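Here is what each chain is made of, one letter per residue.
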Amino acid sequence: MYEQNYLARRLRAASIGRDDAPFLKDHRTGASLSYGAFFANAERMAAVLAANGVRPGDRIAVQAPKTQAMLELYVGAVLAGAVFLPLNTAYTGAELAYFLGDAEPALLVCDPANLAALEPIAAKAQVPVILTLAADETGTLTEARDAASPGFQAVVREAGDLAAILYTSGTTGRSKGAMLSHLALASNSETLKDYWRFTADDVLIHALPIFHTHGLFVATNIAAMAGASCIFMAGFDAEAIVAAMPEATALMGVPTFYVRLLETPGLADAARNMRLFVSGSAPLLAETHERWHRLTCHAILERYGMTETNMNTSNPYDGERRAGTVGFPLPGVEVIVTDPDTGAEVPAGQVGILEVRGENLFSGYWRMPEKTAEELRENGFFITGDMAEISADGYISIVGRAKDLIITGGYNVYPKEIELLIDAVEGVVESAVIGVPHKDFGEAVVALVVAEPGADVSEASIMAAIGPDLARFKQPKRVIIVDALIRNTMGKVQKKELRAAWKDLFA
Ligand code: AMP
């Protein structure tokens, strides 16, 4: 039934003949959803999509709390040949308006609590159908699922067909939709499953959000492809994770998880029988790596990837997991470091821009051919925008970012988007948004604002003006009114100098 669908066939392969094996265990109730029940529900979801007029290639936008049903919908979308488009639950209505207008989905799934607010926004973007899905899995989507029959014949999808679009923040303030093919997702997850030795005996603590590449593709796809089970958590809860460890084998997290878990009582004992701790999505401080090692005797395995490329590099499973590095290129992934000015490859030990090539790469930005051409070279290499250095023995370190990106708690924030909002506030002359070291979030968003003389501009008034339209993780942790921004002789604001000047703000 799944044979002709490139990704679905691979997601199902390990569980064929093992329908009773558990896939998702709800950590609160202890209830377990078997592989057979999960895929039957995914087939019902596919039938619901088809019955609502969703055709192969159509986008399905989803902004809903993390639930097992949302994963069924993801696989249902794959089976229906549709393009799954998850959206960060923190996005506001104003942000949603852009995504819906840009992606033109055939269907939107939202939290029933947001339905009234989103209806006019969806109508304006001409989204024909809205279904709802709540945190407790009630809503019109699951009602329709339960009324549908399993046995959906998977739509034929080839390697190059799109399976998902994930939006990344844009440097110009406009988010870009990274188009991900069946091949990119399937090949990367297969590679990681083998590299990290996942098997049907694994129990993964699944505490990452499923609107992001890390929780949706790395965690979920690997678990399914291994036929493993997941302890499924609706969100990050350090105590719950520690409590789950004795029954688990692996955890995937962002650095913030590890920093917080280190403060949680009982960690050392609970971690004893775990097999693997993976970190990614933002730099793991060498200090966190070392503290973790001292306390638990486990070396966190750090990997590096991004929405556009899936995962590119990883520290080794066997062998030294070197703190402060992201390890080696994964099998099938080529990595080079180039000179930012000339584009020529630089020798080992020299810092340059990291470029990657492989089946793991995205197919371009949705309806932005000019942006795609800027970042994806004709020879197939993608210019990541991350600055890196490769040691003589081949370990890759990410040493900074050529782009202006801030990563806070594992989420990307592009300063431009926030600066545009602040600059539009009455009485503001200009602003600069920077990332400042923060022990919990890695980086914290900080806004430096220059006001007109005598204008009534304060931290509170700026936050009141921009807060309602901005996802919480993007909101500045501090707004500081300054006399002027540091500029170079060309008049360009010196973000590097500003970051240096404010680096101890949260120390
Ligand atoms: P995203 O598309 O949200 O996954 O963010 C991708 C960006 O996160 C990359 O371009 C890097 O800047 C950063 N990133 C991901 N993993 C790591 C890591 N292990 N170390 C340093 N930066 C990372």
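The coordinates are above.
Residues numbered from 1 in each chain as written. Predicted model: local features only at pLDDT ≥ 70, side-chain atom pairs only at ≥ 80, totals over all residues. Heavy atoms only, no water.

K.L.:
Is there a simple way to explain the overall build of the chain in this structure?
P.N.:
Helix and strand counts for the chain stand at 16 helices and 24 strands. Over its C-alpha trace the chain gives a radius of gyration of 23 Å, about what one expects of a compact globule, namely 23 Å for 507 residues. Taking the principal axes of the C-alpha coordinates as reference, the chain spans close to 70 × 55 × 50 Å. Considering only residue pairs separated by 6 or more positions, the chain has 66% of its internal contacts joining residues 24 or more positions apart. Charged side chains of the chain number 43 positive and 61 negative; the gap between the two group centres comes to 1 Å. (Helix = DSSP H or I, 4+ residues; strand = E, 2+ residues; numbered from the N terminus. Rg over C-alpha atoms; globule rule 2.2 N^0.38 Å. Contact = heavy atoms within 4.5 Å. Lys, Arg positive; Asp, Glu negative; His and termini not counted. Charge placed at Lys NZ, Arg CZ, Asp CG, Glu CD.)

K.L.:
Whenever I open this one, the site of the ligand confuses me. Can you help?
P.N.:
Taken together, 18 residues lie near the ligand, and H212, E302, R303, T307 and D386 sit nearest. For the ligand, a nitrogen atom lies 2.8 Å from a polar atom in the side chain of E302. D386 places a polar side-chain atom, nitrogen or oxygen, 2.6 Å from an oxygen atom of the ligand. In the complex, 97% of the free accessible area of the ligand, which totals 500 Å², lies under the protein chains. For the shell around the ligand, the elements supplying multiple residues, two or more each, are β13 (301–306) and β19 (396–401). Broken down by element, the shell around the ligand gets its largest block of residues, 5 residues, from β13. (Near = heavy atom within 4 Å. Polar contact = N/O pair within 3.5 Å; in protein donor to acceptor, adjacent residues only side chain to side chain. Areas by Shrake-Rupley, 256 points an atom, 1.4 Å probe, with all protein chains shown as cover.)

K.L.:
Just checking my understanding: could you explain the side chain of T288 for this structure?
P.N.:
Looking at the element boundaries, T288 is found in helix α12 (residues 286–296). Among residues more than four places away in sequence, those in contact with T288 are Y258, V259 and L262.

K.L.:
Would you take a moment to explain the sheet that holds strand β9 (residues 203–206) for this structure?
P.N.:
The pairing of strands in a sheet comes from backbone hydrogen bonds and takes either a parallel or an antiparallel form. As summarised here, the arrangement of the 9 strands in space is β2-β1-β10-β9-β11-β12-β13-β14-β15, forming an open sheet in which the pairing is mixed. Either end of the sheet is taken by a strand with one partner, and the two such strands are β2 (32–34) and β15 (328–329). Bridging between strand β12 (residues 276–279) and β13 involves 2 bridges; their strand directions are parallel. Its bridge partner being in β13, V278 is matched across the sheet by L301. Contacting β1 (22–26) and β2, helix α2 (residues 35–51) crosses the sheet at an angle of about 75° to β2. Across the sheet, helix α3 (residues 68–79) is in contact with β1, β2 and β10 (229–232); its angle to β1 comes to roughly 145°. (Pairing = 2+ DSSP bridges. Axes fitted to C-alpha atoms, helices over the stretch in contact; angles between N-to-C directions.)

K.L.:
Would you mind going over the packing of aromatic side chains with me for this structure?
P.N.:
Within a pair of aromatic rings, the relevant descriptors are the distance that separates the centres and the angle that separates the planes. Tallied over the full model, the rule gives 20 aromatic pairs. Measuring from centroid to centroid gives 6.4 Å for Y35 and F39, while their planes differ by 15°, and the two rings are stacked. Of this pair, Y35 and F39 both sit in helix α2, 4 residues apart, which is roughly one turn of that helix. By the burial criterion, Y35 is buried, and F39 matches it. Through a chain of ring-to-ring contacts, the aromatic side chains of Y2, F23, Y35, F38 and F39 assemble into a single cluster. (Phe/Tyr/Trp six-rings, centres within 6.5 Å; stacked < 30°, edge-to-face > 60°. Buried < 20%, exposed > 50% of the residue type's maximum accessible area, 1.4 Å probe, protein only.)

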